[in-house]
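# Structural description and commentary
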Amino acid sequence: MSNNKNRLTTASGIPVGDNQNSVTAGSNGPVLIQDFHLLEKLAHFNRERIPERVVHAKGAGAHGYFEVTNDEISKYTKADFLSEAGKRTDMFIRFSTVAGELGSADTVRDPRGFAVKFYTEEGNYDLVGNNTPIFFIRDAIKFPDFIHTQKRHPQTHLKDVNMVWDFWSLSPESLHQITYLHGDRGLPATLRHMNGYGSHTYKWVNDQGEAFWVKYHFISEQGVKGLDVDLADKLAGENPDYHTEDLYNAIDQGDFPAWKLYVQIIPYEDYKTYKWDLFDVTKTVSQKDYPRIEVGRMVLNRNPENYFAEVEQSAFTPGNLVPGIEASPDKMLQGRIFSYGDAHRYRLGANNQQIPINRPVNEVKNYQRDGAMRVDGNGGNTPVYEPNSLNGPAEDITSKGNPFEVHGVADSVAYDSEDHYTQPGDLYRLMSVDERDRLIENFVNHMKPVESDEIKLRQIEHFYKADPEWGERIAQGLGLAVPESVK
Ligand code: NDP
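Residues numbered from 1 in each chain as written. Predicted model: local features only at pLDDT ≥ 70, side-chain atom pairs only at ≥ 80, totals over all residues. Heavy atoms only, no water.

Moving on to the site of the ligand. For the ligand, the set of nearby residues contains 21 residues, the closest of which are H176, Y197, S286, R292 and E435. Within the contact set of the ligand, an oxygen atom lies 2.5 Å away from a side-chain nitrogen or oxygen of Y197. A distance of 2.8 Å separates an oxygen atom of the ligand from a polar atom in the backbone of Q287. Protein contact buries 80% of the 780 Å² of open area that the ligand shows by itself. (Near = heavy atom within 4 Å. Polar contact = N/O pair within 3.5 Å; in protein donor to acceptor, adjacent residues only side chain to side chain. Areas by Shrake-Rupley, 256 points an atom, 1.4 Å probe, with all protein chains shown as cover.)

Now for the nonpolar core. Core analysis: the biggest nonpolar cluster contains 41 residues, and W165, W168, W470 and I474 have the highest contact counts within it. Counting residues per element, the ones that place at least two in this core are α2 (143-150), α3 (161-170), α4 (175-182), α9 (422-430), α10 (433-447), α11 (453-466) and α12 (468-477). W168 has contacts with F136, F146, Q150, S174, I178, L181, H182, H446 and Q459, leaving out every residue within four places of it along the chain. Among the nonpolar cores identified, the runner-up in size contains 37 residues, and M91, I93, L127 and M194 belong to it. (Core = buried A, V, L, I, M, F, W, Y, C linked by side-chain atoms within 4.5 Å. Buried < 20%, exposed > 50% of the residue type's maximum accessible area, 1.4 Å probe, protein only. Helix = DSSP H or I, 4+ residues; strand = E, 2+ residues; numbered from the N terminus. Contact = heavy atoms within 4.5 Å.)

Evaluation of the coordinates by the stated rule reveals 34 aromatic pairs. By way of ring pairs, the aromatic residues F135, F136, F143, F146, W165, F167, W168, Y428, F443, F463 and W470 are connected into one cluster. Positioned over the ring face of F316 is K117, at 5.0 Å from the centre of the ring. (Phe/Tyr/Trp six-rings, centres within 6.5 Å; stacked < 30°, edge-to-face > 60°. Lys NZ or Arg CZ within 6 Å of the ring centre and 35° of its normal.)

A few words now on the pairing of strand β3 (residues 112-120). Across the nine residues of β3, nine count as buried, placing the element largely inside the fold. Burial of the side chains of β3 extends over both faces: R112, F114, V116, F118 and T120 are buried on one face and G113, A115, K117 and Y119 on the other. Bridge count between strand β2 (residues 88-97) and β3: seven bridges; the pairing is antiparallel. Within β3, the position partnered with F95 by the bridge is F114. The pairing of β3 with strand β4 (residues 123-130) spans eight bridges and is classified as antiparallel. Bridge assignment links F114 to a residue of β4, and that residue is G129. Connecting β3 to the antiparallel partner β4 that follows it, the hairpin turn spans two residues. (Pairing = 2+ DSSP bridges.)

Next up on the list: unusual backbone geometry. In this structure, the amide linkage connecting E386 to the following residue, P387, adopts the cis form with an omega of 5 degrees. Relative to the helices and strands, P387 resides in the loop between α8 (331-347) and α9. Non-glycine residue M373 carries a positive phi angle of around 60 degrees. Along the polypeptide, M373 turns up in the loop between α8 and α9.

Burial analysis of α4 places eight of its eight residues in the buried class, the great majority of the element. Turning to α4, its buried residues number three or more, namely L175, H176, Q177, I178, T179, Y180, L181 and H182. Elements that come into contact with the buried residues of α4 comprise α3, β5 (196-197), α9, α10, α11 and α12.

Taken together, V384, Y385 and L390 make up a surface patch of nonpolar side chains, about 310 Å² in accessible area. Topologically, L390 is positioned in the loop between α8 and α9. (Patch = residues over 30% accessible without salt bridge, like charges linked within 9 Å, V, L, I, M, F, W, Y side chains within 5 Å. Salt bridge = Lys/Arg side-chain N within 4 Å of Asp/Glu carboxyl O.)

Take the side chain of N358 next. Looking at the element boundaries, N358 is found in the loop between α8 and α9. Residue N358 is classed as buried on the basis of its relative accessible area, which comes to 4%. Engagement of the side chain of N358 in a polar contact is seen with the backbone nitrogen of A315, the distance being 2.9 Å. Within the local environment of N358, its side chain forms a polar contact with the backbone oxygen of N352, the two atoms lying 3.1 Å apart.

Quantified by volume, the largest pocket comes out at close to 1200 Å³. Forming the boundary of the largest pocket are 41 residues, of which P360, E363, V364, K365 and N366 lie nearest the centre. Among the elements of the structure, β4 and α8 are those that each provide at least two residues to the lining of the largest pocket. Considering every element that reaches the lining of the largest pocket, the biggest residue donor is α8, with four residues. (1 Å grid on protein atoms, 1.4 Å probe; cavity = no way out; pocket = protein on both sides within 12 Å on 5 of 7 lines; lining within 4 Å. Points joined across faces, edges and corners; volume = space filled by probe spheres on them.)

Dropping the structure here:
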């Protein structure tokens, strides 16, 4: 046996004798099927790609830690990883663009995914947010339609602004998010220079069983900075991986990016009376009503060793909630709780939680068995059913969810609020004069190629209802007039 510890092997560990020349029948004869190493090498190569995510395909990731800085947070949640100041939890984050494919350019106007996995002692907690505090739609039933408009036209296979603006103009609940998106924050300078938001309202429950509603805000210590549109276009051609590279290099050089995590805590009963529906993800909760409270600090201090193993195979789901953190009735969140896990079952398999990047640090004990790529011993000889009298793992009543009272009839019902305009108008008005100019320019440039004036006018009406000056300026930029019927 050779002592060479660095010798090449097949996937089954068998030493390879020649990795440069196939086995042929004679020096110029055909290749023999007995060259198993060749067959395995070519066959595995064909299988290197897994299905890319339908959304959030292009991403960059990093490891780090989260440290609690506020002892008071345990008043609001019994989540173990938030129990005391100084407590540190390892985490992994994946940033992403939404609409582009795996190889698409980083410097495009698009929301950024901001997905954090906390490896807590009570299981993995995934906070799957974006760099925007709101979303385009508020019911998951519209999600596939919405995403189809952001992807490619069925015939031309091109991005198509007609689909985009047709859908947005017919879905006025999108106005808030598209305003955020066409402002400076829709094109961040780097992944380090943007905030992250949980977007949905979640529920926190403390050890007394008291519940609160909560909104998450990760505020960048690097500051929030946008990218100049012309530079972004240039970079998209010259260095489509600009954001990925920037994040990797910063961490590699020891310039560790950090975010402070804040929450808005909303007393439980307030959901019945607050001026906005707390469970409508197209709305923010005013910080004037519920100021931010500091929770802790997230620091990214380690690059992945292997992109595919850690970033591509990382799997987040808003369904991964630890005791003390629960879902709200937000319809978009409820849909995501299903669809994220389902996407990973499709992409990575039924046992995707066993891939090292997704594996919790605590022990997994349950009655799930078998399935493709089961690699953890499959529960050994322990019982496979419950209830049992064999001392198998049993539920822990202290981890039971907090109740939420519901009433009414089962029906397909829209959210109450038809006010899609006040908050986007507030956002427009809080932008500086310069940013407002850029916002108008970005909208006009995006909408100009839309072929139908009907679509443009429908959208102008939304801008006008949010702020008449805004509507007038967009109409002027598009060479149209705000219809008299709207004024
Ligand atoms: P506040 O004045 O208390 O907060 C306004 C927030 O707007 C700031 O905290 C900042 O968020 C954010 N902001 C500032 N400049 C910009 C910009 N150019 N583009 C996007 N966001 C910006 O007011 P309210 O909480 O009452 O919110 C008013 C409006 O602010 C909302 O309608 C919403 O559109 C927007 N907003 C609200 C947020 C919230 O969660 N309440 C979060 C972000 C925006 P940050 O500190 O996170 O950078």
